[in-house]
Amino acid sequence: MLRLVFSCLFLLTTIQCHENPVTTQLVMGDRKEFTAQDVIDHEHRIDNATAHTKFSRVATRSPTTFWQGYDVVKEFKGKFDFVSPVWYGVRRFRGQYVLTDEQDVDKEWMDEVRGKDARGRKVGKIVPRFQMQDWDVKDYRAFVDMLREGRELTKLLLNQIKQVVRPFGHGVQDYPTAFGSVYKSLSKQLRPLGKQLIVVLPAVRMEAITKVHQAAVEYIEGGPTAFIDWVEDNVAYLSSPETRGKIMLGMHLYAMHYNPPHTSTALTMLQVVKRWSEPIETLDDDVHEDRAKRIILNWDEQAQEYWYGEMNDDEYTLGKVWIPSARAIKRRLQLAEDYDMGVAFWEVGQGLDYFYNVL
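Procedures and definitions
- Residues numbered from 1 in each chain as written.
- Predicted model: local features only at pLDDT ≥ 70, side-chain atom pairs only at ≥ 80, totals over all residues.
- Heavy atoms only, no water.
- Helix = DSSP H or I, 4+ residues; strand = E, 2+ residues; numbered from the N terminus.
- Buried < 20%, exposed > 50% of the residue type's maximum accessible area, 1.4 Å probe, protein only.
- 1 Å grid on protein atoms, 1.4 Å probe; cavity = no way out; pocket = protein on both sides within 12 Å on 5 of 7 lines; lining within 4 Å.
- Points joined across faces, edges and corners; volume = space filled by probe spheres on them.
- Nonpolar A, V, L, I, M, F, W, Y, C, P; charged D, E, K, R; others polar.
- Axes fitted to C-alpha atoms, helices over the stretch in contact; angles between N-to-C directions.
- Parallel < 35°, antiparallel > 145°, perpendicular 65-115°, else oblique.
- Left-handed = near helix turned anticlockwise from the far one by under 90°.
- Contact = heavy atoms within 4.5 Å.
- Polar contact = N/O pair within 3.5 Å; in protein donor to acceptor, adjacent residues only side chain to side chain.
- Salt bridge = Lys/Arg side-chain N within 4 Å of Asp/Glu carboxyl O.
- Arc of directions from axis to C-beta.

*Asks:* Looking at this structure, how should I read unusual backbone geometry?
*Replies:* Of note, the amide linkage connecting proline 260 to proline 261 takes the cis form, showing an omega dihedral of 5°. Counting through the fold element by element, proline 261 comes out in the loop between strand S14 (255-258) and strand S15 (265-267). One non-glycine residue, aspartate 134, lies in positive phi territory at about 60°. Looking at the element boundaries, aspartate 134 is found in the loop between strand S9 (129-132) and helix H5 (137-145).

What follows is the structure, given as structure tokens:
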């Protein structure tokens, strides 16, 4: 099932891929096949000297939560132009709007992730997310039909930005769905504050926002997660040379386990590695086989993604698992370059450390 979201962002340039000193054949070489043990051996292999140096010139953004991604954006400060902490919820009750989870705002963390890189570029610009929570059809209909409600929501968001975000942050993100009149009003009032509007939505009004991000993931039930040609087809169909400067290409950092007729399952790469690290039980209690060395990671040339066959200890097939990789990320960075786009990750806390060597 096709599922597309968008958001907007500021300042896109084209990518220039450089060889990182820690880059290995596992990351960018020509090998199409690895074992899970190869990934385990490299997952924490980063070059501390370049951990804060961004090699790609594509604008990058990453949503983060306090349980996923907070430490990653600090460890790789400089790799991400925009950081979107998942903080705020917007609830509607009898025509009134209330912000929730304000206690999650972490000013000390904001100071740690924002700043300038070695070239003097601003990095780690804070773009907090505002998400509609527990809205039903009636709430959305009232929001669309009543201009007063749009003004009330705009006022609520602006007050929060001025009080909390302004001294520390650089923008605001409204997720997942809002509407043109609110975008226009909000963006008009944000510009004098030096802020950018980032929006995630299924259909966008380009004139109201600064940049747009298209997250093309979850290609089809059964995998792969983001078939490269399908991603490119969506980019070509949903944009034009005039609007591509407002688009960021969504990039998944999670794995998907498909085992029909069971429901597909999203997995973080830490969950995947944990499973790989479990020994295979045998009839001999004193003999334990290494699971990771037996798992072959297969490169799908058409999809430009890796997959492997999940099996239980009795070698009974439990479906396929499609996983992200540094190689797949590099290929999508090249696609972003071809279309003069940026990239947006979902989300850095779900990936492995060595992925960021290619950024």
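*Asks:* What exactly am I supposed to notice about the environment of proline 260 here?
*Replies:* One can find proline 260 in the loop between S14 and S15. Judged by its relative accessible area of 63%, proline 260 is exposed. Separated by 59 residues in the primary sequence, proline 260 and glycine 319 place their C-alpha atoms 7.2 Å from one another.

*Asks:* Teacher, can you tell me more about empty space enclosed by the protein here?
*Replies:* With a probe scaled to a water molecule rolled over the atoms, the places where space remains empty come into view. Here the structure, examined in full by the defined rule, presents two cavities of 30 Å³ or more. Estimated volume of the largest cavity: approximately 60 Å³. In this structure, the largest cavity is lined by ten residues; those nearest its centre are Val39, Leu297, Tyr306, Ser325 and Tyr354. Residue classes in the lining of the largest cavity are distributed as nine nonpolar, one polar and no charged.

*Asks:* How should I be thinking about the packing of helix H8 (residues 228-238) against helix H11 (residues 326-338) in this particular structure?
*Replies:* For any two helices packed against each other, one specifies the crossing angle of their axes together with the interaxial distance. Where H8 meets H11, the axes come as close as 11 Å, and the angle between the chain directions of the two elements is 20°. Taken together, the axes of H8 and H11 lie roughly parallel to each other. Judged by the sense of rotation from one axis to the other, the crossing of H8 with H11 is right-handed. Residue-level inspection shows Ile228, Val231 and Glu232 of H8 in contact with H11, the latter providing Arg331, Arg332 and Leu335.

*Asks:* What am I meant to see in the side chain of glutamate 305 here?
*Replies:* With respect to the helices, strands and loops of the structure, glutamate 305 is situated in strand S19 (residues 305-311). Residue glutamate 305 is classed as buried on the basis of its relative accessible area, which comes to 0%. A polar contact of 3.2 Å, which involves the side chain of glutamate 305, links it to the backbone nitrogen of threonine 225. Setting aside chain neighbours within four positions, we find glutamate 305 in contact with Pro224, Thr225, Ala226, Phe227, His252, Asn298, Trp299, Asp300, Trp322 and Arg332.

*Asks:* Looking at this model, I keep getting lost on the pattern of salt bridges. Mind explaining?
*Replies:* Where side chains of opposite charge bring their charged atoms close, a pairing between them can arise. Tallied over the full model, the rule gives ten salt bridges. Of the charged contacts, one joins lysine 74 and glutamate 112 as a salt bridge, the two residues approaching to 3.4 Å between their closest N and O atoms. Here glutamate 112 lies in helix H4 (residues 107-113) and lysine 74 lies in helix H3 (residues 70-75), a separation of 38 residues in the sequence. Overall, lysine 74 belongs to the partly exposed group, its relative accessible area being 30%. Across the pair glutamate 305 and arginine 332 runs a salt bridge whose closest N-O atoms are separated by 3.5 Å. Here glutamate 305, found in strand S19, pairs with arginine 332, found in helix H11; they are 27 residues apart in sequence, far enough to count as distant.

*Asks:* Whenever I open this one, the side chain of histidine 42 confuses me. Can you help?
*Replies:* Its location among the elements puts histidine 42 in helix H2 (residues 36-42). At a separation of 2.8 Å, a polar atom in the side chain of histidine 42 contacts the main-chain carbonyl oxygen of aspartate 38.

*Asks:* Explain the environment of glutamine 160 here, please?
*Replies:* Along the polypeptide, glutamine 160 turns up in helix H6 (residues 147-165). For glutamine 160, a relative accessible area of 5% translates into the label buried.

*Asks:* Hey, could you run me through H8 in this one?
*Replies:* Residues that lie three or four places apart on an α-helix share one face, since the helix turns once every 3.6 residues. Every buried residue belonging to H8 is among Ile228, Trp230, Val231, Asn234 and Val235, and all of these are buried. Buried positions in H8, seen along its axis, are confined to an arc of 165° and lie on one side of it. Across from the buried face of H8, at angles greater than 90 degrees, the exposed residues are Asp233 and Tyr237.

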